[in-house]
Amino acid sequence: MGGSGRRRSGASGTGQGGAGRSGGGRGRGGQSSAGRAAGGPSDGRRGRAAGRGSAAGRAAGARAAGGTRLTRRGRIVVWGAGVSALVLLGVGGVGAWIYEDLNNNITSADVDDKLGGDRPENLSPGSKNILVVGSDSREGANAKYGKDLTTMQSDTLMVLHVPANRKWATVVSFPRDSWVRIPACAKGDGSTSDPHHFKINEAFALGGSTGEVASAAACTIKTVEANTGLRIDHFMSVDFQGFKGMVDSLGGIEVCPKQAIHDEKAKLDLDAGCQTVAGEKALGYVRARYGVGDGSDIGRIGRQQEFMDALAKKAKSKLTSPNALYGFLQSATKSLTTDPDLAGIQPLYGLADELKGVPSDRLVFLTVPNYPREADVPTDKANVVWQYPQASDLFTSLARDREVSKAQLTARTKNPVYASAVRVQVLNATGVQGRAAAVAEKLRAAGFSVVGTGNAPRTSATTTVSYPAGQERQAAVLAGWLPKAGSGRDASAQAGCVTLVVGQDLEADALK
């Protein structure tokens with residue numbers, strides 16, 4: 001990632017440089033004559049820091065009658081708005097003047113100087129990890145969707161892994177209610193937040209506290225890297241209003257909820273049965289959570305992919321309609337913000353072209369294995385925690401460019417061992433007084449049952465987890481929570497519990 005945080009200059013022109021943001025937006029002074037001639041939008045709406053790749057309620061009926069279901073490959077190229085636009089451009093063969101007009105819609109935000117040097121190593125040269133953020137910035141037209149929110153918000157978070165051989169691809173969704181470690185982040189106002197644990201979507205809000213896109217993206221990248229060990233190579237995001245514009249340009253999308261949806265937070269009242277949604281109703285539908293299904297964020301992730309099927313299919317059906325196609329591409333590119341290396345039609349088309357060759361049965365959508373945090377912390381009924389060691393195994397596989405199927409992940413995540421079921425003895429091998437107690441406190445806060453603390457017989461540079469027979473799964477859970485911790489069976493280990501020897505490489509606040 002590199003370059004300057006600015007919108008590219010060209011036929012469209014810009015009202016101000018990318019550095020001169022106000023509340024996360026950018027002033028766009030005008031529109032190209034090509035855009036006006038095509039009847040494209042002239043309101044100059046900005047691409048904002050993060051969009052709404054989020055989606056929606058049950059879209060079982062979101063397919064036209066008699067139509068075929070879009071492949072998973074079709075889903076992913078629409079789900080990433082910039083990528084979808086480029087695929088459609090390639091298929092439609094639009095003129096160079098539209099190419100230039102759309103190229104100048106895309107916003108660039110440089111994050112390199114905000115990430116620091118403590119980043120995961122790239123273990124698979126040639127592969128790519130692309131972070132996709134969906135944001136509902138509560139300013140301007142978005143203000144009605146939240147109260148007392150003075151910073152940018154994110155609901156949707158995904159990582160697209162493209163392997164070095166380009167023969168498969170994986171999209172991993174992160175529930176926004178994931179309870180994770182948020183590292184220290186620059187907040188955009190010159191201050192820095194302290195490391196702490198909270199919902200993963202707080203990272204975007206922290207960095208974007210002043211509406212500065214690059215800081216919001218950087219904090220999110222740091223958080224994902226710290227909790228997954230994946231090196232993020234690129235990011236892209238799409239705004240609420242951009243998503244609505246894409247739907248409107250296509251004349252709406254048909255949905256068929258089995259039950260009526262009444263979600264006050266999403267500003268949505270929808271009857272049961274098949275109907276076409278557009279405008280604010282479409283936007284409310286993709287935001288709906290509490291008034292549909294089981295009310296969980298996990299359920300919304302599943303519904304989101306179904307809604308994108310319908311959106312992709314209708315977009316492809318409009319390839320012969322210049323006005324509809326142009327409006328769709330305008331909305332997609334105007335709402336898109338990326339790192340400088342992706343901020344243009346050409347690099348996005350290159351990415352789309354790579355994805356185009358992935359067989360549909362080898363493009364997999366996964367969700368980070370998780371379970372309700374209430375199982376470990378009874379007072380927390382609102383969040384989820386990642387299931388270890390399955391989550392860390394998934395991230396390690398992707399970091400090493402190894403394919404993981406949905407069936408494999410499903411089989412591995414059956415019958416989870418909760419952190420609360422793991423009894424831990426903590427021994428201090430750092431030579432620093434009080435380290436065992438500090439680590440024990442963090443483990444208790446995560447729900448582990450700490451049965452004792454003490455000093456190890458000798459100091460150690462590395463952290464280890466040892467266990468007796470019968471505690472293999474419990475040890476794997478604890479090791480999954482700890483960065484760089486080795487694990488091994490030890491016949492002399494205390495019966496009925498796992499022993500954690502805290503080495504000099506483990507800081508107390510580094511626990512996931």
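My aim in this report is to walk through the structure given alongside it, one point at a time. (Residues numbered from 1 in each chain as written. Predicted model: local features only at pLDDT ≥ 70, side-chain atom pairs only at ≥ 80, totals over all residues. Heavy atoms only, no water.)

**A few points about the sheet that holds strand S3 (residues 154–162)**
- Ordered by their spatial adjacency, seven strands build an open sheet running S1-S12-S7-S2-S3-S4-S13, and the pairing between neighbours is mixed. Of all strands in the sheet, those bounded by a partner on one side alone are strand S1 (107–108) and strand S13 (363–367).
- Strand direction decides the pairing type here: strand S7 (residues 234–239) and strand S12 (residues 336–338), joined by three bridges, are antiparallel. Across the sheet, residue Val238 finds its bridge partner in S12, namely Leu336.
- Against the sheet, helix H7 (residues 240–249) makes contact with strand S2 (128–135) and S7, and its axis sits at roughly 70° relative to S7, the strand it touches most.
- Of the strands in this sheet, S2, S3, strand S4 (169–173), S7 and S12 touch helix H11 (residues 345–356), which is tilted by about 65° from S3. (Pairing = 2+ DSSP bridges. Helix = DSSP H or I, 4+ residues; strand = E, 2+ residues; numbered from the N terminus. Contact = heavy atoms within 4.5 Å. Axes fitted to C-alpha atoms, helices over the stretch in contact; angles between N-to-C directions.)

**A look at the state of the cysteines**
- For the coordinates displayed, the defined rule picks out two disulfides.
- Note that Cys185 is cross-linked by a disulfide to Cys219, the S-S spacing being 2.2 Å. The sign of the S-S torsion, about 85°, decides the handedness of the disulfide formed by Cys185 and Cys219: right-handed. On the criterion of sequence distance, the pair formed by Cys185 in the loop between strand S5 (179–182) and strand S6 (196–199) and Cys219 in helix H6 (residues 213–228) is long-range, its members being 34 residues apart. Just as Cys185 is buried, Cys219 falls in that class too.
- Shown here is the disulfide that connects Cys256 with Cys274, its sulfur atoms set 1.9 Å apart. (Disulfide = S-S within 2.5 Å. Buried < 20%, exposed > 50% of the residue type's maximum accessible area, 1.4 Å probe, protein only.)

**Remarks on the sheet that holds strand S17 (residues 449–455)**
- Across the sheet, which stays open at both edges, the five strands sit in the order S17-S16-S20-S18-S19 with mixed pairing between neighbours. This sheet does not close on itself; its edge strands, each paired only once, are S17 and strand S19 (486–489). In this sheet, neighbouring strand axes are inclined to one another by 20° on average, regardless of whether the strands run parallel or antiparallel.

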